[in-house]
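Inside the fold
Residues per chain, in single letters:
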Amino acid sequence: MKLTKYTHACVRLEKDGRVLVLDPGTFSETAEALEGAHAVLITHEHADHIDVPAVAAALNGNGGLELFAPEGVAQNVRKEAPDAADRVHAVEPGTAFDAAGFAVRSFGGQHALIHPQIPVVANIGYLVDEDVYHPGDSFIIPDGISVRTLLVPVHAPWNKVSEVVDFVIGVRAERAYAIHDGLLNDTGLGLVEGHVKRIGARYGTEYTHLSARDSVEL
C-alpha cells in the first residue's frame, strides 16, 4: 500500500488500483488528493478536515466515489451533493466496513476538547487494512488491536507536546508520520518532531518526517 501525505491532515492511500483519501480539508491540496479516488473517509466536520465544496464537486463528477463520515458531516454533504446522497454513508464508532476494497474499522466518538466554551463535535478515528490509523482530532487509542502505521496530530489548538508524545507511546506503532502540522513553521515542527522521534524510539516507534506530496510504501 502506498501512502502519500498532503498538507495538514490529508493522506491518500493506494493499493491494487484503488484509492482511498482521508480528510481532504481546506488546508490541503484537495483536488489533487481526490483525483481518481474511489472512497473518502472524513473524521469530523471542521474545514481543515473536509473541504465541503471540493468534496461535493468530486462526488458529483465521479459516479463511483463514496464518502464515509460522522452523521452530521454526512447530512451536510448530502445537502451539497443531493444526486450523490446514496453514496454518502454515516459512520459510528465501533464499526467495520469496506471502503473501495479497503477494510476499515472506526474508533473514538468525539473531538478533543479545545475549550469548555467551544462545542465538542463528533470525531471518528479510522484504522485502514489493520495498518494505518488516522485519529482525526483526538488521541483516542484504538482498543484490542496493534497499529503498524500511526498518523500523529503533532500540533493543534487542542494539544500540547507531552500529549503528542504520550499518544505515540500509548499506541506503540512500528512507524509514525506527522499529520495536523499545517499551522507550524519549520522551527516549531522540528522541535515537536525531535521529541516524538527521540522518545518514541524508546518504545519501538520509528518516526519519519514526510513533507507534503511525499510518499512511502507500507
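Please refer to the structure placed before this passage.
Anyway, here's the lowdown on the structure attached to this text. Along each chain, the written sequence defines residue order, and numbers are assigned to residues from 1. Side-chain atom pairs in this predicted model are given and counted only at pLDDT of 80 or more, local residue features only at pLDDT of at least 70, and totals for whole chains, interfaces and linings cover all residues. Where side-chain values are given, they derive from all heavy atoms of the structure, hydrogens and water being excluded.

**Some words on the overall build of the chain**
Numbering of helices and strands starts at the N terminus; helices are DSSP runs of H or I of at least 4 residues and strands are runs of E of at least 2. Regarding its fold elements, the chain presents five helices and 14 strands. With the principal axes as the frame, the chain shows a C-alpha extent of 50 × 45 × 35 Å. Summary of the burial criterion: residues with accessible area below 20% of their type's maximum are buried, those above 50% are exposed, and those between are partly exposed, where the area comes from a 1.4 Å probe applied to protein chains only. For the chain, the proportion of its 218 residues judged to be buried stands at 52%. It only takes one pair of heavy atoms within 4.5 Å for two residues to be counted as in contact. When contacts within the chain are restricted to residue pairs at least 6 apart in sequence, those whose partners lie at least 24 apart make up 54%. Methods summary: accessible areas were calculated by the Shrake-Rupley approach with a probe of 1.4 Å, and residue burial reflects only the protein chains presented. A total accessible area of about 9,300 Å² is found for the chain, and carbon and sulfur atoms account for 49% of it. Residues counted as positive are Lys and Arg, residues counted as negative are Asp and Glu, and His and the chain ends are not counted. Charge coordinates come from a single atom per side chain, which is NZ of Lys, CZ of Arg, CG of Asp or CD of Glu. One way to put it: in the chain the 17 positive side-chain charges average out to a point 5 Å from where the 30 negative ones average out.

**Some details on the sheet that holds strand E12 (residues 175-179)**
We call two strands paired when DSSP finds no fewer than two bridges between them. Spatially, E7-E8-E9-E10-E11-E12-E13 is the arrangement adopted by the seven strands of the open sheet, whose pairing is mixed. In this open sheet, the two edge strands, each paired with only one partner strand, are strand E7 (96-99) and strand E13 (206-207). Examined bridge by bridge, strand E8 (residues 102-110) and strand E9 (residues 122-128) share seven bridges and lie antiparallel to one another. From the neighbouring strand, glycine 108 faces E9, where its bridge partner is isoleucine 124. Axis definition: a line fitted to C-alpha atoms, limited for helices to the stretch in contact. Angles are taken between N-to-C directions and run from 0 to 180 degrees. Contacting strand E10 (132-134) and strand E11 (149-153), helix H4 (residues 161-171) runs over the sheet at an angle of about 165° to E11.

**As for unusual backbone geometry**
Phi at aspartate 129 is positive, roughly 55°, even though this residue is not glycine. Secondary-structure assignment places aspartate 129 in the loop between E9 and E10. On the basis of relative accessible area, aspartate 129 is assigned to the buried category, the value being 19%. With a phi angle near 80°, arginine 213 is a residue other than glycine that sits in the positive phi range. As for its placement among the helices and strands, arginine 213 is situated in the loop between E13 and strand E14 (215-217). Using a relative accessible area of 46% as the deciding quantity, one classes arginine 213 as partly exposed.

**Section: the sheet that holds strand E4 (residues 39-41)**
Taken together, the seven strands give an open sheet; going across it, the order is E6-E5-E4-E3-E2-E1-E14, and neighbouring strands pair in mixed fashion. The open sheet is flanked by strand E6 (88-90) and E14, the only strands paired with a single partner. Strand-to-strand twist across the sheet, computed as the mean angle between neighbouring axes with direction ignored, equals 20°. As defined by bridge partners, strand E3 (residues 18-22) adjoins E4 across three bridges and the pair is classed as parallel.

**Here's the deal with the environment of serine 146**
Tracing the backbone shows serine 146 in the loop between E10 and E11. Owing to a relative accessible area of 64%, serine 146 belongs among the exposed residues under this scheme. Residues serine 146 and glutamate 130 lie 16 residues apart in sequence; the distance between their C-alpha atoms is 7.9 Å.

**Quick look at the environment of phenylalanine 107**
Following the sequence through the fold, phenylalanine 107 ends up in strand E8. Along the chain, phenylalanine 107 and serine 211 lie 104 residues apart, while their C-alpha atoms are 27 Å from each other.

**A look at the side chain of histidine 44**
Note on placement: histidine 44 falls in the loop between E4 and helix H2 (52-61). Pairs of N or O atoms within 3.5 Å make up the polar contacts considered here, provided that, within protein, one atom can donate a hydrogen while the other can accept it, and that residues adjacent in sequence are counted only when both atoms are side-chain atoms. Of note is the side chain of histidine 44, whose polar atom sits 2.9 Å from the side chain of threonine 43. Side-chain polar atoms of histidine 44 contact the side chain of histidine 46, separated by 3.4 Å. Discounting residues that sit within four places of it in the chain, histidine 44 has contacts with His49, Ile50, Pro70, Val73, His111, Val121, Ala122, Asn123 and Asp137.

**Things to note about the packing of aromatic side chains**
For any pair of aromatic rings, the description consists of the separation of the ring centres together with the inter-plane angle of the planes. Each Phe, Tyr or Trp ring, with Trp reduced to its six-membered ring, pairs with another whose centre is within 6.5 Å; inter-plane angles below 30 degrees give stacked pairs, above 60 give edge-to-face pairs, and intermediate values give tilted ones. Under the criterion given, the structure shown has four aromatic pairs. Ring geometry for phenylalanine 68 against phenylalanine 97: centres 4.8 Å apart, planes inclined by 20°, an arrangement best described as stacked. Of this pair, phenylalanine 68 sits in strand E5 (residues 66-69) while phenylalanine 97 sits in strand E7, and the two are 29 residues apart along the sequence. Per residue, the accessibility class of phenylalanine 68 equals that of phenylalanine 97, and both read buried. By the ring-pair criterion, three or more aromatic residues cluster together here, those being Phe139, Trp158 and Phe167. Lysine 15 extends its terminal NZ or CZ atom over the ring of phenylalanine 102, reaching a point 5.1 Å from the ring centre. As a reminder, the over-ring test applies to NZ of lysine and CZ of arginine, requiring each to be within 6 Å of the ring centre and within 35 degrees of the ring normal.

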